[in-house]
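One-letter residues, chain by chain:
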Amino acid sequence: MARPRLTRDTLWAALGTLGLDRSRWNAQDPIVRRATAVALWLAGGIVLIGAFGSFNWTVFAAAAIVFALIVPPYAQLPLGRFVLPLAVLTVAVTYPFYLDELFGWPIFGPFPAMNTMVVMMVFVMMALGLNVVVGYAGLLDLGYVAFYAVGAYTVGWFASDQFSQRDFRFGSVGVSPQVTGIHLSIWFCLVIAAIITAVIGVIIGLPTLRLRGDYLAIVTLGFGEIMPQIARNGNELFGTNFNLTGGTQGITPVDAPGFGSWINTNVGLPDNYLAPSSQTIGFLSDTVNVFFWSALVLVIFTVFCSVRLRDSRLGRAWIAIREDEVAAAAMGVPLMRTKTWAYATGAFFGGIAGAFFASYKSAVFPDDFFFNISVFILCMVILGGMGNIWGVILGACFLSYLDREGLANIGAWMNEKFSLTLDVPKYEFGIFGVILLVVMLFRPEGLIPNERRRAEFETGVHDQPLYDVEA
Amino acid sequence: MADLLRAEGMRKQFGGLVAVNDVDFTVPEGSIVSLIGPNGAGKTTFFNMLTGVYKPTAGRVFFDGSNITGKPPHAVTERGIGRTFQNIRLFQTMTSLENVLVGMHTRLTGGILRSILRTPGLKEEERQAGKRAAELLDFSGLRGRDEELARNLSYGDQRRLEVARALATKPKLLLLDEPTAGMNPQETREFTAFVARLRSEEKLTVLLIEHDMRVVMGVSDRVTVLDYGEKIAEGTPQEVQRDERVIEAYLGSGALAG
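Residues numbered from 1 in each chain as written. Chains lettered and ligands numbered in written order. Predicted model: local features only at pLDDT ≥ 70, side-chain atom pairs only at ≥ 80, totals over all residues.

### What about the overall build of chain B?
Here is step 1 of the chain: Summing up its helical and strand segments, chain B has eleven helices and ten strands in all.
Here is step 2 of the chain: For a compact globule of 258 residues, the expected C-alpha radius of gyration is about 18 Å, and chain B comes in at 19 Å, within 12% of that figure.
Here is step 3 of the chain: Reported as C-alpha extents along the three principal axes, the dimensions of chain B are approximately 65 × 40 × 35 Å.
Here is step 4 of the chain: Residues classed as buried in chain B amount to 45% of the 258 residues present.
Here is step 5 of the chain: Looking at chain B alone, contacts between residues at least 24 apart form 67% of all its contacts between residues at least 6 apart. (Helix = DSSP H or I, 4+ residues; strand = E, 2+ residues; numbered from the N terminus. Rg over C-alpha atoms; globule rule 2.2 N^0.38 Å. Buried ≥ 20, exposed ≤ 12 C-beta atoms within 10 Å, placed from the backbone. Contact = placed C-beta atoms within 7 Å.)

### A closer look at the confidence of the model for chain B
All names here are of chain B.
Here is step 1 of the chain: For chain B, mean pLDDT is 89; residues scoring 70 or higher make up 96% of the total.
Here is step 2 of the chain: When the elements of chain B are averaged for pLDDT, helix H11 (residues 254–257) gives the smallest value, 49, and helix H3 (residues 96–103) the largest, 95.
Here is step 3 of the chain: Predicted complex metrics record ipTM = 0.91 and pTM = 0.89. (pLDDT = per-residue confidence, 0-100.)

### Observations concerning the environment of A:Asp255
Residue and element names in this part refer to chain A.
Here is step 1 of the chain: Examined against the element boundaries, Asp 255 turns out to sit in the loop between helix H10 (213–233) and helix H11 (260–266).
Here is step 2 of the chain: Residues Asp 255 and Leu 274, spaced 19 residues apart in sequence, show a C-alpha to C-alpha distance of 9.6 Å.
Here is step 3 of the chain: Among residues more than four places away in sequence, those in contact with Asp 255 are Ala 159, Ser 160, Ser 172, Val 173, Gly 174, Val 175, His 183, Ile 186 and Ser 359.

### So, unusual backbone geometry
Excluding glycine, residues mostly have negative phi values, and the peptide bonds linking residues are mostly trans.
Here is step 1 of the chain: Residue A:Pro253 is bonded to the preceding A:Thr252 through a cis peptide linkage, with omega at 0°.
Here is step 2 of the chain: Mapped onto the secondary structure, A:Pro253 falls in the loop between H10 and H11.
Here is step 3 of the chain: Although it is not a glycine, B:Lys203 sits at a positive phi angle of roughly 55°.
Here is step 4 of the chain: Structurally, B:Lys203 is set in the loop between helix H7 (185–202) and strand S8 (205–209).

### Observations concerning the sheet that holds strand S4 (residues 58–63) of chain B
All names here are of chain B.
Here is step 1 of the chain: The strand order across the open sheet formed by four strands is S2-S1-S4-S5, and the pairing between neighbours is antiparallel. The sheet is open, and its two edges are formed by strand S2 (17–28) and strand S5 (66–67), each paired on a single side.
Here is step 2 of the chain: Where strand S1 (residues 3–14) lies against S4, five bridges are found, and the strand directions are antiparallel. The residue of S4 that forms the bridge with Arg 11 is Ala 58. (Pairing = 2+ DSSP bridges.)

### With respect to the nonpolar core
Residue and element names in this part refer to chain A.
Here is step 1 of the chain: Counting 171 residues, the largest nonpolar core has Val 122, Val 124, Met 125, Ala 127, Ile 352 and Met 380 as its most contacted members.
Here is step 2 of the chain: In terms of residues, this core owes the most to one element, helix H7 (residues 114–136), which gives 17 residues.
Here is step 3 of the chain: Once you skip the residues sitting within four places of it in the chain, Ile 352 turns out to touch Met 125, Gly 151, Leu 190, Ala 193, Ala 194 and Leu 298. (Core = buried A, V, L, I, M, F, W, Y, C linked by C-beta atoms within 7 Å.)

### Concerning the sheet that holds strand S9 (residues 222–227) of chain B
Residues and elements named next belong to chain B.
Here is step 1 of the chain: With mixed pairing, the six strands of this open sheet are ordered in space as S6-S7-S8-S3-S9-S10. With partners counted over all chains shown, the strands left at the sheet margins are strand S6 (81–83) and strand S10 (230–235), one partner each. Within the sheet, the average angular offset between the axes of one strand and its neighbour, ignoring direction, is 20°.
Here is step 2 of the chain: Alignment of strand S3 (residues 32–36) against S8, held across four bridges, turns out to be parallel. Bridged to Ile 32 within S8 is Val 206.
Here is step 3 of the chain: Most of the contacts of helix H1 (residues 43–50) go to strand S7 (residues 173–177), to which it runs at about 150°, and overall it touches S3, S6, S7, S8 and S9.
Here is step 4 of the chain: The strands touched by H7 are S3, S7 and S8; relative to S8, the strand with the most contacts, the crossing angle is about 155°. (Axes fitted to C-alpha atoms, helices over the stretch in contact; angles between N-to-C directions.)

### Some words on the interface of chain B and chain A
Here is step 1 of the chain: With 33 residues of chain B at the contact, the number on the chain A side is 31 residues.
Here is step 2 of the chain: Taken together, the elements giving at least two residues each to the side of chain B that touches chain A come down to helix H2 (73–79), H3 and helix H4 (112–117) of chain B.
Here is step 3 of the chain: Looking at the side of chain B that touches chain A residue by residue, the classes come out as 13 nonpolar, twelve polar and eight charged. (Nonpolar A, V, L, I, M, F, W, Y, C, P; charged D, E, K, R; others polar.)

### Details of the pairing of S1(B)
Residue and element names in this part refer to chain B.
Here is step 1 of the chain: Across eight bridges, the pairing between S1 and S2 is antiparallel. Pairing of Ala 7 across the sheet is with Phe 25, part of S2.
Here is step 2 of the chain: Hairpin connection of S1 to S2: two residues between the antiparallel strands, including Gly 15 at a positive phi of 60°.

### Examining the environment of A:Leu284
Residues and elements named next belong to chain A.
Here is step 1 of the chain: Checked against the element boundaries, Leu 284 lands in the loop between H11 and helix H12 (287–310).
Here is step 2 of the chain: Classification of Leu 284 as partly exposed rests on a count of 17 C-beta atoms within 10 Å.
Here is step 3 of the chain: Along the sequence, Leu 284 and Tyr 273 sit eleven residues apart, while their C-alpha atoms lie 8.9 Å from each other.
Here is step 4 of the chain: If we ignore the near neighbours within four places in the chain, the residues touching Leu 284 are Leu 269, Pro 270, Pro 276 and Val 290.

### Describing the pairing of S10(B)
Residues and elements named next belong to chain B.
Here is step 1 of the chain: By the bridge criterion, five bridges tie S9 to S10 in an arrangement that is antiparallel. Across the sheet, the residue bridging to Val 223 is Gly 235, located in S10.
Here is step 2 of the chain: Following S9, the chain reverses through two residues before pairing antiparallel with S10; Tyr 228 in that reversal takes a positive phi of roughly 50°.

### Some words on helix H16 (residues 371–384) of chain A
Residues and elements named next belong to chain A.
Here is step 1 of the chain: Taking 1.5 Å per residue, 14 residues should reach 20 Å; H16 reaches 20 Å between its end C-alpha atoms and fits that length.
Here is step 2 of the chain: A large share of H16 lies buried, amounting to ten of its 14 residues.
Here is step 3 of the chain: All of the buried residues in H16 are Ser 374, Phe 376, Ile 377, Leu 378, Cys 379, Met 380, Val 381, Ile 382, Leu 383 and Gly 384.
Here is step 4 of the chain: Where H16 is buried, its residues meet H7, helix H8 (145–158), H10, helix H17 (389–417) and helix H18 (428–442). (Expected span 1.5 Å × (residues − 1).)

### Structural notes on the packing of H16(A) against H17(A)
Residue and element names in this part refer to chain A.
Here is step 1 of the chain: Across the interface, H16 lies against H17 with an axial gap of 7 Å and an inter-helix angle of 130°. One element, H16, and the other, H17, form an angle in the oblique class. The handedness of the crossing between H16 and H17 is right-handed. Residues Phe 376, Cys 379, Met 380, Val 381, Leu 383 and Gly 384 of H16 form the contact with H17, whose participating residues are Gly 391, Val 392, Ile 393, Leu 394, Gly 395, Ala 396 and Leu 399. (Parallel < 35°, antiparallel > 145°, perpendicular 65-115°, else oblique. Left-handed = near helix turned anticlockwise from the far one by under 90°.)

Structure follows, in structure tokens:
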């Protein structure tokens, strides 16, 4: 592209007047060059944080970690490909311990608080699920929120007093003996939710996946609208007085996760996340931290499955379908079955995410499942880079952070600096729109693009439909 | 020789246009049969009906003893018909090796659970598949191009990769749709020899759509000529070359000399 080169040329011209020569720079070892460039960027960042943020020593620690991770060529080492994931994982797992020490960013303010982090992890999981459908198989799904809703309501049914005419409990924690209803352990509920959502994914997929492109998008949009309507009006299903979803009031309270007293006494894991007993291991007694670590485990599970599937026979078939449906079918890829698997897989993870979130919030409300959430998750996938797991994680973290904290922080900063009284979070979707526009203009393949996707953006996919194809 | 493929009364209508009209057609096992005809004669439509891409308006297709009429493309491929496309349809942003591996889809078994768990059996299967794919690339003349993205291959190599991908489906019958289009004479000669090798070494039956008469006359056992969707002649290359309707419709007087 012409634009960055232009800035680079100007920069070198400016440096030339100071006696720095470009050809000598290019003659250096690539590692030296990368180290210098990264060091300069980091130094610039430190100066900015020093000037406008709340500065402390952790800035240097963070810069050192980033430097150590980006610069050395780990990829050339044996097992080097595990270095970056493990380092990121370590940083994430230990986050609650050093959060309070961290410096603050200019404008954005402090790092996300723990409850924001939990929500971010939930959205990462959902975005990764949608990434299977949109990023791998190339099926535009505008109704992904439906799966999120099904997952959440499943927990609502199996871990609350919603069906108070029954009284059944199995492994539930923190439920008072007076309360009736079905109370299963949240861990079972996650599994049940995942399976039910995957089945719903297949049911929705079978009629819709026969369509392609725009038609598919519109039908999924329809399903995304139907689901919250069912949720909203499901308190008197078909006039039978059977209360399925609690209507506009939703289902509340939903049970909390926990490992029960036996594991608590013998292993030390919290018996009940909301009220851990004194036998719980010290650092596992903090409610929001254990929610965060649990969410992180689910995210790791999702990433693991995503990677394995991407590199499998099924993953190849998904990419083949995205590239050219007719050729894929002619090479023996059953279109319907393969697409339905993508749908079911995406739904599976969406269901787990929804179920976990419902338990975290201890509530399920129909208003949480409207169309804007589908778009929100799709934005995460597109912004980060469709098909690339790192990109999708980054996109999901960034957008859900903005949604929960970032915009409010930016607003507070603006109002104070310029003595305004703007309610910035109100302009949320406008701001997201602008972000998406900017990304599409300057980096249409996403922040961290998938190699293949980058190639597709350069040449375009040639999918000339042959209209009679049925799978 | 028994017939590997038998098509009876094949007809395809697009609205008011009859693209293929009442064509009977057989491919004996172990033979190389060519389908020729002027542009728009319905050759590719006929191909698409055989492979399930189009549903025939009327007619039946029998392959290897079973009726495959109206079966979806992947089921036809699974039964043993591999094909290439007239306008190359590779998976452009996948590597050569991955393209061939997609071709093996029906011959591999890895399901969703086994893929996630990556069981020893699956690992072994994937290893074997990779090895076989590399062999196929070798056989098709793409040695050392395994990791190249399909879109970065030269035109001739893309054609070869299409054949390698079709071979990966383990076909009994290979359908080649104008495989030498755009090749230079040298490449065409090599390709003709390659098709002959497919029959002798891989024991394949080949059905060829072709414009280049040297290829058709050089390798075919039988030639069928379509014009305006109708079969106007059928026979050995020599018989067809002498047929007056063929000369009139398609070959022109120059072809007799060639």
